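For reference, the chains in residue letters:
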Amino acid sequence: MRDQQRGAHPVTDATSLLLERLHAAGLTDVVAVEPATGGLAATAGLARRSDGTSVFVKAFGKPPSDDAFAAEAEGLTVLREAGGVATPEIILADRDLLVLSVLEPRPGTEAFWEQFAHALAHLHTTTRHPRFGWHRDNWLGRRRQVNTWDDNGFEFFAQHRLLRWLGERRVQEALDAADRAALERLCDRLPELLPVRPACLTHGDLWALNVMAASDGRPVLIDPAVSYTWAEVDLAHLWTTAPPPEAHVFFELYAELTGLDRDWRERMPILQLRQHLAVIAQFDPDWGAADLVRATLAPFRQRP
């Protein structure tokens, strides 16, 4: 989740903020910043340096914590080093700023998505872990992602990926008592609804805009919220956030490479509840997320 905050003069405000932060961090050779679009939670842009090169930069007007960018940088590093997935080079990560190497827009080809299917399948099948969680909490947009270790994947997903959002003000306003009770009933029934799966390293915020390309055309991932959890959490996020038409080959090939059963598509709405709840908690409007949550919860509502 990334991009510029909205204000009276968003372009000017974003440019000034990023330029000020870059110079304060010692990157005094930055001469201009062009605001970027496409994300949701942070201010982002392309910073041009005096030698003609550019870097990607993002900042929060008010950081949600002192370690938000450090946790993101750690996620990028572990995806690359442990999972073999390409990520941008980290140039600087401190409390106020994250500076990365510049990437390319992904090509609109099936070949790109086939390559990404191999990369994501490799990540998910080679990083299995005996427990669910991560050694620290990190951030999903501007909200803390709780990663407390748990031996039980169903309990971990219920407590730290679904029920965790019920305390958020916007979620309380969007979902009524019957909706919240239905979510609790769904969580109680997760062992019936989802197959037993091992934990593996996941990106954690894998919507289509977080899949970009290197200069040589390789898929590159940005903006992670990593943890060890079910691989299908990543799959569900990509499946339900409008991937381009050419991505259909990704899902077919990924399913083949990882041995997914034929019912995997039916599980996607349940797994994507986590991301819909995160969107409701952070953004207004929520782009229909509350309606999608209610639709998924409908079978779990008690009949009068």
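The paragraphs below set out a description of the structure included in this document. (Residues numbered from 1 in each chain as written. Predicted model: local features only at pLDDT ≥ 70, side-chain atom pairs only at ≥ 80, totals over all residues. Heavy atoms only, no water.)

1. Looking at the pattern of salt bridges
Taken as a whole and judged by the stated rule, the model has 21 salt bridges. Measuring nitrogen to oxygen at the nearest pair gives 2.7 Å for the salt bridge that ties Arg-95 to Asp-96. Judged by its relative accessible area of 39%, Arg-95 falls in the partly exposed class. Judged by its relative accessible area of 28%, Asp-96 falls in the partly exposed class. The shortest N-O distance in the salt bridge between Glu-232 and Arg-197 comes to 3.5 Å. Here Glu-232 is found in helix H8 (residues 231-239), whereas its partner Arg-197 is found in the loop between helix H7 (190-193) and strand S8 (200-202), with 35 residues between them in sequence. (Salt bridge = Lys/Arg side-chain N within 4 Å of Asp/Glu carboxyl O. Buried < 20%, exposed > 50% of the residue type's maximum accessible area, 1.4 Å probe, protein only. Helix = DSSP H or I, 4+ residues; strand = E, 2+ residues; numbered from the N terminus.)

2. Overview of the sheet that holds strand S4 (residues 90-93)
Hydrogen bonds between backbone atoms are what pair the strands of a sheet, whose relative direction is either parallel or antiparallel. If you walk across this open sheet you meet the five strands as S1-S2-S3-S5-S4, and the pairing is antiparallel. Each having just a single partner strand, strand S1 (30-35) and S4 make up the two edges of the open sheet. Across the sheet, the axes of successive neighbouring strands diverge by a mean angle of 25 degrees, strand direction being ignored. Relative to strand S2 (residues 43-49), S1 is paired through five bridges, and the arrangement is antiparallel. Note that in S2 the partner of Val-33 across the bridge is Ala-47. With respect to the sheet, helix H2 (residues 68-81) is in contact with strand S3 (54-59), S4 and strand S5 (98-101), its orientation differing from that of S4 by roughly 155 degrees. (Pairing = 2+ DSSP bridges. Axes fitted to C-alpha atoms, helices over the stretch in contact; angles between N-to-C directions. Contact = heavy atoms within 4.5 Å.)

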